[in-house]
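# Remarks on the overall topology
The residues making up each chain are set out below.
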2 protein chains.
Amino acid sequence: MEILIAKTAGFCYGVKRAIKLADQCAEADMAACTDGESSSGTYTLGPIIHNPQVVKKLEEKHIISKETLDDIEGGTVIIRSHGVRLDEFEEADARGLKIVDATCPFVKKAQELVSELAKDGYSVVVLGDHDHPEVQGLASYGGKGIRVVTSSAELVDMSKVKKIGIVAQTTQSMEALKDVTSICLGKAAEVKVYNTICNATSLRQTESVGLAERVDVMIVVGGKNSANTKRLAEICSTIQPKTYHIEVADELMDEWTDGSESVGITAGASTPRWVIEEVIDRIGAER
Amino acid sequence: MEILIAKTAGFCYGVKRAIKLADQCAEADMAACTDGESSSGTYTLGPIIHNPQVVKKLEEKHIISKETLDDIEGGTVIIRSHGVRLDEFEEADARGLKIVDATCPFVKKAQELVSELAKDGYSVVVLGDHDHPEVQGLASYGGKGIRVVTSSAELVDMSKVKKIGIVAQTTQSMEALKDVTSICLGKAAEVKVYNTICNATSLRQTESVGLAERVDVMIVVGGKNSANTKRLAEICSTIQPKTYHIEVADELMDEWTDGSESVGITAGASTPRWVIEEVIDRIGAER
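All values reported here derive from a predicted model rather than from experimental measurement.

### Quick look at the relation of the copies chain B and chain A
Between chain B and chain A, which share one sequence, the superposing operator has a rotation angle of 180° and an axial displacement of 0.1 Å; the RMSD is 0.0 Å. Such values leave the two copies arranged in the relation of a two-fold axis. Of the C-alpha atoms belonging to chain B, the one lying closest to the rotation axis is found on B:Lys192, 2.1 Å away. Both copies share a contact surface, since 100% of the interface residues of chain B are interface residues in chain A too.

### Some remarks on the sheet that holds strand S4 (residues 76–79) of chain A
Residue and element names in this part refer to chain A. Here we have four strands laid out as an open sheet, ordered S3-S2-S4-S5, and parallel in their pairing. Two strands lie at the open edges of the sheet, namely strand S3 (63–66) and strand S5 (98–101), each paired on one side alone. Averaged over all neighbouring strand pairs, the angle between strand axes comes to 30°, with direction disregarded. Across four bridges, the pairing between strand S2 (residues 42–45) and S3 is parallel. Considered in S3, the bridge of Thr42 is made with Ile63. Of the strands in this sheet, S2, S4 and S5 touch helix H3 (residues 86–94), which is tilted by about 145° from S5.

### Some details on the sheet that holds strand S5 (residues 98–101) of chain B
Residue and element names in this part refer to chain B. Ordered in space as S3-S2-S4-S5, the four strands form an open sheet in which the pairing is parallel. In this open sheet, the two strands that pair with only one neighbour each are strand S3 (63–66) and S5. The sheet shows a mean angle of 30° between the axes of neighbouring strands, taken without regard to direction. The pairing of strand S2 (residues 42–45) with strand S4 (residues 76–79) spans three bridges and is parallel. Within S4, the position partnered with Tyr43 by the bridge is Val77. Sheet strands in contact with helix H3 (residues 86–94) are S2, S4 and S5, and its direction is about 145° off that of S5.

### Brief notes about the confidence of the model for chain A
Looking at chain A, pLDDT values average 93 and 98% of them are 70 or higher. Across the whole predicted complex the pTM is 0.85, and at the interface the ipTM reaches 0.82.

### Topic: the interface of chain B and chain A
Taken together, the 16 residues of chain B in the interface contact 16 residues of chain A. When the area that chain B buries against chain A is broken down by residue, the three leading residues are B:Lys178, B:Leu185 and B:Val193, summing to 35%. For A:Lys192, the salt bridge identified is with B:Glu190, shortest N-O distance 3.8 Å. Here chain B and chain A share six residue pairs in polar contact (both at pLDDT 80 or more) between them. Listed by contribution, the elements that provide at least two residues to the side of chain B that touches chain A are helix H6 (174–185) and strand S9 (190–194) of chain B. Here the side of chain B that touches chain A takes six residues from H6(B), the largest share from any one element.

### So, the packing of helix H7 (residues 199–214) of chain A against helix H8 (residues 227–239) of chain A
Residue and element names in this part refer to chain A. Direction vectors running N to C along H7 and H8 enclose 35°, while the axes themselves pass 9 Å from each other. Of the two elements, H7 crosses H8, and the hand of that crossing is right-handed. Contact residues: Arg204, Gln205, Ser208, Val209, Ala212 and Glu213 in H7; Asn228, Arg231, Leu232, Ile235, Cys236 and Ile239 in H8.

### Comments concerning the pattern of salt bridges
All names here are of chain A. Per the counting criterion, the structure on display carries 23 salt bridges over all chains. With a closest N to O distance of 3.9 Å, Glu88 and Arg85 form a salt bridge. Through salt bridges with shared partners, a single network forms among Asp70, Glu91 and Arg95.

### Overview of empty space enclosed by the protein
All names here are of chain A. Across all of its chains, the model carries one cavity of 30 Å³ or more by this definition. The volume enclosed by the largest cavity comes to roughly 280 Å³. Looking at the lining of the largest cavity, the elements that each hand over two or more residues are helix H4 (105–119), H7 and H8. Here the element with the most residues in the lining of the largest cavity is H7; it accounts for three residues.

### A look at the layout of surface pockets
Empty space within the largest pocket amounts to approximately 700 Å³. For the largest pocket, the lining is made up of 27 residues, of which A:Ala189, B:Asn195, B:Thr196, B:Ile197 and B:Cys198 are closest to its centre. At the level of secondary structure, the elements contributing two or more residues to the lining of the largest pocket comprise helix H4 (105–119), H6 and helix H7 (199–214) of chain B. Grouping the constituent residues of the lining of the largest pocket by class yields nine nonpolar, ten polar and eight charged. Taken as a whole, the second largest pocket encloses approximately 470 Å³ of empty space. Among the elements of the structure, helix H6 (174–185) and H7 of chain A are those that each provide at least two residues to the lining of the second largest pocket. With four residues, H7(A) is the single largest residue contributor to the lining of the second largest pocket.

### Some remarks on the environment of B:Glu154
Residues and elements named next belong to chain B. Examined against the element boundaries, Glu154 turns out to sit in the loop between strand S7 (147–149) and strand S8 (163–168). What makes Glu154 partly exposed here is its relative accessible area of 33%. Expressed as a C-alpha distance, the spacing of Glu154 and Ile64, which sit 90 residues apart in the sequence, is 37 Å. With sequence-adjacent residues up to four places away left out, Glu154 is seen in contact with His130, Arg147, Val148 and Val149.

### Points about the environment of B:Asn195
Residue placement: B:Asn195 occurs in the loop between S9 and H7. Look at B:Asn195 and you get buried, because its relative accessible area is 19%. Residues B:Asn195 and B:Asp129 lie 66 residues apart in sequence; the distance between their C-alpha atoms is 16 Å. Once residues within four sequence positions are removed from consideration, B:Asn195 is found in contact with A:Leu185, A:Ala188, A:Ala189, B:Met174 and B:Leu177.

### Focus on the pairing of S9(B)
Counted residue by residue, S9(B) has five buried out of five residues, so it is predominantly covered. Side chains B:Glu190, B:Lys192 and B:Tyr194 of S9(B) all project onto a buried face; the interleaved residues B:Val191 and B:Val193 project onto the opposite face, where all are buried too. Sheet topology places strand S9 (residues 190–194) of chain A next to S9(B); five bridges connect them, and they run antiparallel. Within S9(B), the residue paired with A:Val191 across the bridge is B:Val193. Once you follow S8(B) into H6(B) and on to S9(B), the crossover reads as right-handed.

### Some thoughts on the side chain of A:Lys187
All names here are of chain A. By the element assignment, Lys187 lies in the loop between H6 and S9. No salt bridge is formed by the buried Lys187; the nearest opposite charge belongs to Asp157, separated by 6.5 Å. Not counting the four nearest positions on each side in its chain, Lys187 is found in contact with Leu155, Val156, Asp157, Met158, Ser159, Lys160, Val161 and Ile164.

Here is what the cut-offs are and how they apply
Residues numbered from 1 in each chain as written. Chains lettered and ligands numbered in written order. Predicted model: local features only at pLDDT ≥ 70, side-chain atom pairs only at ≥ 80, totals over all residues. Heavy atoms only, no water. Least-squares fit on C-alpha atoms with pLDDT ≥ 70 in both. Contact = heavy atoms within 4.5 Å. Pairing = 2+ DSSP bridges. Helix = DSSP H or I, 4+ residues; strand = E, 2+ residues; numbered from the N terminus. Axes fitted to C-alpha atoms, helices over the stretch in contact; angles between N-to-C directions. pLDDT = per-residue confidence, 0-100. Buried area = accessible area lost by both parts, 1.4 Å probe. Salt bridge = Lys/Arg side-chain N within 4 Å of Asp/Glu carboxyl O. Polar contact = N/O pair within 3.5 Å; in protein donor to acceptor, adjacent residues only side chain to side chain. Left-handed = near helix turned anticlockwise from the far one by under 90°. 1 Å grid on protein atoms, 1.4 Å probe; cavity = no way out; pocket = protein on both sides within 12 Å on 5 of 7 lines; lining within 4 Å. Points joined across faces, edges and corners; volume = space filled by probe spheres on them. Nonpolar A, V, L, I, M, F, W, Y, C, P; charged D, E, K, R; others polar. Buried < 20%, exposed > 50% of the residue type's maximum accessible area, 1.4 Å probe, protein only. Right-handed = clockwise from strand over helix to strand, strands pointing away. Lys, Arg positive; Asp, Glu negative; His and termini not counted.

Listed below in structure tokens is the structure:
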């Protein structure tokens, strides 16, 4: 059985950077402890990335994920790769916490663009999943008038306005952004669109689709809470119905690959290399 | 035989305004002659609107259409409804001609937007017909880097740039603007679109399509050199193959309406009411 692995599988730039910053915090914390200083704790506000295995590894290094600022009494707070809401950021600062901003620079840029558009009087539309922390963060920079939509369908009833500014969640699809922009062109005489879709996401999607077309079985590895991994699995399954989304190697079932000549493996942006390697090893051992 | 006339047939706001300004010039000229002053001539740079019948009527009032500024030695120059190129405007001024600017305010606005986008560092794309005077005028405000396209197909090979600004010829279709915008979203991280399509055009098109669906024969009245009339005839003929584009009532052929129960009549933005009335009267007389 042939195993084909997507080159773009796994950590993107923003995730790598966040993990690196968290590791630096863990090292600094350990050095402080060695010097006899007492640590006031290092936390992440929400999981640093959407991968339970990585979050668990960080816990072993005493970096603890907390849901709200109320759960953090002092010390250092690491802002996760997806970013946080503006009010959370400001409150962390007001509480005197040491902030390590691990927000993905592409997400940070999108937050700044939302803020700029709102300041310049645009009615801001954010294309993204309502419940995703990145989107909630983005929306918080646009003030009260902001509108979050998961698709152009949610804009059909929008009243006409003077000018619309559009920003996308970094993991959205280009097609969805084009659709939203098209609808907005009928809603305002001026439409300013920032294509904030991250290249890494679309490259990974394109490569994975190409792989799904060539193999008998497709395995998508990544957090069940990872939006980009779920989307990757969705897209692959439209090409190859035998597509399976797993978080860890233990979930693999022998019958999935029985009689298959080739297996394709891809992984979301928040899936660490070692989790992917375990999946490759496990499938390889089955041969 | 039933005759149905589109409510939106004929002169749009910009054309009405241009004709009114030309008539005021003709009156002023006549008043001057009555007072014994010699007229230094009143001209339009290119036909004031794309309708030969109107141009002929103005000639009778001594307002002469000239192709270039070299043909005008002095006096007053009326800038036609479609506007002129920036260099022509400046040269007319430099030559000391009295300028009466009858550029449609919507076209003027589009010219200003092209200028503003170019000044703000956008790579400007104008959606429009290369040969149309309005488009040549618009393009002249965007400097050397400007790109005129008649459809999104002409942008496929465009290199990526930092930011793109889009302006449309006022008579373009919304679909074409959406297509061009979609392509541009893949060419730049920032795309600013001004929907400069004139509402009058789309309203006229929508009403005419509705009419074409209900009648046995469709008559589209307007200059053979009028882009918006030609487009109107094109759109109607996709709905009703028995669509005829005529400039004046004399072109009507009895056999077109023989055996028909209903005839629809629409007209371009540059078609005067009296030309439409003649067509209505002629068809009515056939009954």
